[in-house]
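Residues per chain, in single letters:
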Amino acid sequence: MGAADIATVLFTRFLKFDPANPAWPDRDRFVLSAGHGSMLLYSLLYLLGYPKMTIEEIKNFRQLGSITPGHPENFLTPGVETTTGPLGQGLGNSVGFAIAERHLAAVFGDGVVDHHTYVLASDGDLMEGISQEAIALAGHLKLSKLIVFHDDNGITIDGNRTLSDNVDQVKRFESAGWAASHVDGHDPEAIAAAIEKAQKSDRPSLIACRTTIGFGAPNKAGSEKSHGSPLGAEEIAGARKNLGWEYPPFEIPNDVKERWHAAAMRGAPARKAWAERLAKIDPAQRAEFERRTKGELPSNLDAVVRKFKEDLAANPKTIATRIASENALGVLVPALPEMIGGSADLTGSNNTRPKGMPVLDADHYGGTFIHYGIREHGMAAAMNGMALHGGIIPYSGTFLVFSDYCRPSIRLAALMGERVIHVMTHDSIGLGEDGPTHQPVEHLAALRAIPHLLVFRPCDTVETMECWQLALQASKNPSVFALTRQNLPQLRLTDDKENRCAAGAYEISPAKGQAQVSIFATGSEVSLAVDAQKLLAERGVAARVVSIPCFELFLGRPAAERARIIGDAPVKIGVEAAVRQGWDAIIGSDGLFIGMTEFGESAPFKELYKRFGITPDAVVDAALSKLGKK
């Protein structure tokens, strides 16, 4: 109710969209960062004639099976650009939308890509820490097509905003390089004038709209009582009287409908004119634009991967998987120009910028590498926005331990089914001297707990490339790469035509004879498992080694295939420099596990592996003890 005037002005006079084609690539994007106000957006979609938003869907608000959930979900509701609710996320996404727009405009021209991103943000959005990361990055990049409305009603669930916050948001945004101003959020002409000014700015813009929450309610307007609970029959009756609304619930007069539908028709001519411009550009460029916006991969990807693996078979490499990832990116990025990389101030450690990759900044939007600064959460949210915008496959880097900073955005990427790739290096106690603050222990288990997220932990340079191929092909899943700081031997030495990692797990080193022991391992511990296999063979015990580069892909395979890969050896041992949680699905509750049960320590990595008992000898001892041979 309080933001209705803002939304009415924006949607009827400025926003470029077409309900007949909600996915039109050059539409303006509207992000309701204040996702708890979802009915405002659903009402707009209904009034503007979005076909699937019927009055019955409005009546089924927050009910099972409706397209009107409590918070907007883009995968359910046409016209919703992103899934919001966790405060600050929509604002973070909007920076990614704006980056994508400027980049694609630089690549394909303003005749093909030229639109704004508008955001409605609440006091809560601007209190969340992610908001500072987002607005600082947007100001630094001078994203002038980004316009944020602050629903400045001064109320939170607990009461008046001054209970917890006294920040002058206009000054705050100005300090981050934004154009910012105050307006009366119930004065349509003042709102329109502010939008017109913002559209001409060379910086992103904040329009702080002073509004009254629960506008029109006789007793609860301007109060926290209208924030998180229904107004009640008496208050609704009073609001109807104050607002001069005499119609029954869910009834919209025809003249009102017609005016809203007329506003919606503004977009059709703009869309048709855009289609005509697109049809006139170079055919090859048009085909490339359409390929990218559809999310299709280039036809030569398989050949690029195959050539890379052939070269490795001829010239094996003992390198860290973070460097293996950089080498893979060295051939993937030229083949997939839609890849936009980055790092949270750890470029040299994450190895996410291959040679020759140009920087994307305020002077060069056509670049493909973003220096995000120390802003992991803002980076992850912006990557979600880029993926949602379309035409871009975003990836970026930080340390695995800092996945905690990214987790809310990673979770939303998984919920939305967006192809966002996180390169997370320094993945275990193997990072060594930086100590337990930087050594991930529980992080792999925590990430694997997120539905639809693919967590890749490759064991060598061949697996690293195969995992990159799988992450790029997973158009409906985000991915995390857990990569080593320390060097690892190349275990895959033959020229494999197939992508063996696609099964999630496979036998990388078979037993000589009937296996008595199956050793399952990931990442840096696979070579350790192979060493244990050799020691067991010297003791007359046949063992096999199974590499598990991706739990999620493996557990998604048919039961018979999983059973074949797990095998029937009487002793099953899991090896990973992390906690056991999640491993029982593979080794069983009676399986043995060699890993971590506590935080790490500061020391050279080889000493740490001995200190925590993650060694070939420890695997051998466990196997022999279980077999009764020790």
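Presented here is an overview of the structure given in this document. (Residues numbered from 1 in each chain as written. Predicted model: local features only at pLDDT ≥ 70, side-chain atom pairs only at ≥ 80, totals over all residues. Heavy atoms only, no water.)

Considering the side chain of Ser547
Within the fold, Ser547 resides in strand E16 (residues 543–547). With residues up to four places along the chain from it excluded, the contact list for Ser547 reads Cys459, Glu463, Gly504, Ala505, Tyr506, Ile508, Ala521 and Val526. (Helix = DSSP H or I, 4+ residues; strand = E, 2+ residues; numbered from the N terminus. Contact = heavy atoms within 4.5 Å.)

Details of the layout of surface pockets
Empty space among the atoms becomes apparent when a probe as large as a water molecule is rolled across them. Computed from the structure, the second largest pocket encloses a volume of approximately 760 Å³. What lines the second largest pocket is a set of 29 residues, and nearest its centre among them are Thr293, Ala387, Leu388, Gly390 and Glu418. Secondary structure elements with two or more residues in the lining of the second largest pocket: helix H12 (283–294) and helix H16 (376–389). Per-element accounting of the lining of the second largest pocket gives the leading share, four residues, to H12. (1 Å grid on protein atoms, 1.4 Å probe; cavity = no way out; pocket = protein on both sides within 12 Å on 5 of 7 lines; lining within 4 Å. Points joined across faces, edges and corners; volume = space filled by probe spheres on them.)

Overview of the side chain of Glu466
Topologically, Glu466 is positioned in helix H19 (residues 461–473). A relative accessible area of 0% means that Glu466 is categorised as buried. The contacts of Glu466, once residues within four sequence positions are left out, are Lys309, Arg492, Glu498, Asn499, Arg500 and Cys501. (Buried < 20%, exposed > 50% of the residue type's maximum accessible area, 1.4 Å probe, protein only.)

Focus on the packing of aromatic side chains
For the coordinates displayed, the defined rule picks out 18 aromatic pairs. On the numbers, 5.9 Å between centres and 20° between planes, the contact of Phe399 with Phe402 is stacked. The pair Phe399 / Phe402 is uniform in exposure class, with both members buried. Plain terms: the ring middles of Phe402 and Tyr405 are 5.5 Å apart, the flat faces sit at 20° to each other, and that makes the pair stacked. (Phe/Tyr/Trp six-rings, centres within 6.5 Å; stacked < 30°, edge-to-face > 60°.)

Examining unusual backbone geometry
Positive phi is not limited to glycine here, since Lys142 has a value of about 55°. Mapped onto the secondary structure, Lys142 falls in the loop between helix H6 (129–141) and strand E3 (146–152).

Quick notes on the sheet that holds strand E17 (residues 571–575)
If you walk across this open sheet you meet the five strands as E14-E16-E15-E17-E18, and the pairing is mixed. Single-partner strands in this sheet number two, and they are strand E14 (506–509) and strand E18 (592–594). Along the sheet, successive strands turn relative to each other by an average axial angle of 30°, direction set aside. Judged from the five bridges that link them, strand E15 (residues 517–521) and E16 form a sheet pairing that is parallel. Bridging across to E16, Ala521 finds its partner in Ser547. The strands touched by helix H22 (residues 559–566) are E14, E15, E16 and E17; relative to E16, the strand with the most contacts, the crossing angle is about 130°. (Pairing = 2+ DSSP bridges. Axes fitted to C-alpha atoms, helices over the stretch in contact; angles between N-to-C directions.)

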